[in-house]
Amino acid sequence: MEKVVSILGSTGSIGTQALEVIEMHGMHVHALAANQNIALLETQVRKYHPKKVCVYDTTRYSELKARLTDVDVQVLTGMDGMCEIALDNCADILINSVVGMVGLLPTLTAINAGIDIALANKETLVAGGALVMERAAKKGVHIYPVDSEHSAIFQCLQGNKREQLRKIILTASGGPFYGKIKNELQNVTVKDALAHPNWSMGNKITIDSATLMNKGLEFIEAKWLFDLQPEQIEIVVHRQSVVHSAVEYQDCSVIAQMGVPDMKIPIQYALLYPDRLPCPTRSLSLTEYGTLTFEKPDMKTFECLQIAIESIRIGGIAPCVINGANEVAVAAFLEGKIGFLDIATLSKKAMRAMKPMEITCYEDVIRADRFAREFILNTISK
Ligand code: MG
């Protein structure tokens, strides 16, 4: 296959799985970027022969350069390096799988350059959804969802009329603390929170899955990707993570996408759309599962979900504030500075403290994000 791919976040969970898919289908890698993991980045460069490689952390730049003196590759660093890769039209498609707000500028840069994006960086849409979707439409850029739920919805929309869609059903695994009540979550440890039952993912998203903030962010992501009203999105807890999401049309037909919980399926669909070729994963055996269960989410215990949904109802900068606040709060939890339940409490406080405002440009997003981060850091240090 002649497809050429660049990856931002190539050493992470999505990035490494994307490389497996790329390898299986004989696609070419044009550029790779990672945050800090230069050892793995070096291995990837030697294996996939990209023309460009970037380490986002500028303090690692000289070491990466030194490791690659014998290789014909351009070594870049920082946000400039990420954006240089994002706008490079030698790639047919850019996989953006970096974690957090840091993914927004490269996304906008790729859109401006007219490059299609396989988007795994949900914070891009949560913080800057209005901006991103408007510019992508203007430039005729396709954004292919990589998140398993959004890929499922995207797949269920194929061959049907968008205007006949009634609602979407976004499934949630419920995370490692499913069935617990608030009191029981008071003293949970980082280790407890990192033990996800179905999916193996990076730390930030695993904590987000434990608080259900991940589902809240996905609610917002779905709103933007599929141009929905909040009322058209239903969240259903589905412990087995087999139904990756579903859509309902006006005739009450519900179409779901199913498969084993393996990110390589949605990654491959985003890269090969509309083709469905063999994928390096297993077949789903429904009889092996036997029973699939569906329940309403417990928003009282998992307040993050409720806050995220409230933020998109408020609109403007509110989701961006929630996103920034949550990023800093999760980092503080991982460092043992705050408790598990503080993530929700602090994020809510940040949203209550903000002055509601519409987003009209990139700087509005940056300002709202900075406000949220500073608010959380100041509150924690008090
Ligand atoms: Mg997901």
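Structure: see above.
Everything numeric in this text was worked out from a predicted model, so none of it was measured.

Right, let's get into the side chain of Ser-6. Within the secondary structure, Ser-6 sits in strand 1 (residues 4-8). A polar atom in the side chain of Ser-6 sits 3.4 Å from the backbone nitrogen of Ala-31. Apart from residues no more than four positions distant in its own chain, Ser-6 is found in contact with His-30, Ala-31, Ile-85, Ala-91, Ile-93, Leu-94 and Ile-95.

Before going further, it helps to examine the sheet that holds strand 5 (residues 93-96). Across the sheet, which stays open at both edges, the seven strands sit in the order 4-3-2-1-5-6-7 with parallel pairing between neighbours. Each edge of the sheet is formed by a strand with only one pairing partner; in this case those strands are strand 4 (74-77) and strand 7 (143-145). Strand after strand, the sheet turns through a mean of 20 degrees between neighbouring axes, direction not considered. Relative to strand 4, strand 3 (residues 52-55) runs parallel, the two being bridged by four bridges. Looking across to strand 4, one finds that Val-55 is bridged to Thr-77. Lying on the sheet, helix 4 (residues 78-86) is in contact with strand 1, strand 2 (28-34), strand 3, strand 4 and strand 5; it crosses strand 4 at an angle near 125 degrees.

This brings us to helix 13 (residues 303-314). Between its first and last C-alpha, helix 13 extends 16 Å over 12 residues, near the 16 Å set by a 1.5 Å rise per residue. Every buried residue of helix 13 is listed here: Glu-303, Cys-304, Leu-305, Ile-307, Ala-308, Ile-309, Ser-311 and Ile-312. Looking at the residues trailing helix 13, positive phi occurs at Gly-315, about 80 degrees.

Below, the discussion takes up the sheet that holds strand 10 (residues 243-249). Read across the open sheet, the four strands follow the order 9-8-10-11; overall the sheet is mixed. Strands at the two margins of the open sheet, each flanked by one partner only, are strand 9 (233-237) and strand 11 (254-258). Strand-to-strand twist of the sheet, defined as the mean angle between neighbouring strand axes without regard to direction, takes the value 20 degrees. By the bridge criterion, five bridges tie strand 8 (residues 165-172) to strand 9 in an arrangement that is parallel. Residue pairing in the sheet places Leu-170 in a bridge with Ile-235 of strand 9. The sheet contacts of helix 7 (residues 148-157) involve strand 8, strand 10 and strand 11, and relative to strand 10 the element is tilted by about 40 degrees. Seen against the sheet, helix 10 (residues 213-225) touches strand 8 and strand 9 and runs at an angle of roughly 155 degrees to strand 8.

Turning next to the nonpolar core. Grouped together as the largest cluster of nonpolar side chains are 120 residues, with contacts concentrated most on Ile-22, Leu-271 and Phe-340. At 10 residues, helix 14 (residues 318-334) tops the list of elements feeding residues into this core. Beyond its immediate chain neighbours, meaning those up to four positions away, Leu-271 contacts Lys-3, Val-5, Val-21, Ile-22, Met-27, Ile-93, Ile-95 and Ala-118.

Looking at where Arg-313 falls in the secondary structure, it is placed in helix 13. For Arg-313, the contacting residues outside a window of four places in its chain are Pro-230 and Glu-231.

Before going further, it helps to spend a moment on the packing of helix 9 (residues 203-211) against helix 14. Two elements in contact, helix 9 and helix 14, have axes whose closest approach is 10 Å; the angle formed by their N-to-C orientations is 100 degrees. Looking at the two axes, helix 9 sits roughly perpendicular to helix 14. On helix 14, the residues touching Asn-203, Lys-204, Ile-207 and Asp-208 of helix 9 are Asn-326, Glu-327, Val-330, Phe-333 and Leu-334. Looking at the contact of helix 9 with helix 14 residue by residue, the class counts come to four nonpolar, two polar and three charged.

Once that is clear, we can look at unusual backbone geometry. For the bond from Tyr-273 to Pro-274, the omega torsion is 5 degrees, close enough to zero to count as cis. Relative to the assigned elements, Pro-274 resides in the loop between helix 11 (264-272) and helix 12 (286-289). With a phi close to 70 degrees, Leu-212 is a non-glycine residue in the positive phi region. Residue position: Leu-212 is located in the loop between helix 9 and helix 10. Unusually for a residue other than glycine, Cys-252 sits at a positive phi of about 70 degrees. Secondary-structure assignment places Cys-252 in the loop between strand 10 and strand 11.

Parameters at a glance
- Residues numbered from 1 in each chain as written.
- Predicted model: local features only at pLDDT ≥ 70, side-chain atom pairs only at ≥ 80, totals over all residues.
- Heavy atoms only, no water.
- Helix = DSSP H or I, 4+ residues; strand = E, 2+ residues; numbered from the N terminus.
- Polar contact = N/O pair within 3.5 Å; in protein donor to acceptor, adjacent residues only side chain to side chain.
- Contact = heavy atoms within 4.5 Å.
- Pairing = 2+ DSSP bridges.
- Axes fitted to C-alpha atoms, helices over the stretch in contact; angles between N-to-C directions.
- Expected span 1.5 Å × (residues − 1).
- Buried < 20%, exposed > 50% of the residue type's maximum accessible area, 1.4 Å probe, protein only.
- Core = buried A, V, L, I, M, F, W, Y, C linked by side-chain atoms within 4.5 Å.
- Parallel < 35°, antiparallel > 145°, perpendicular 65-115°, else oblique.
- Nonpolar A, V, L, I, M, F, W, Y, C, P; charged D, E, K, R; others polar.

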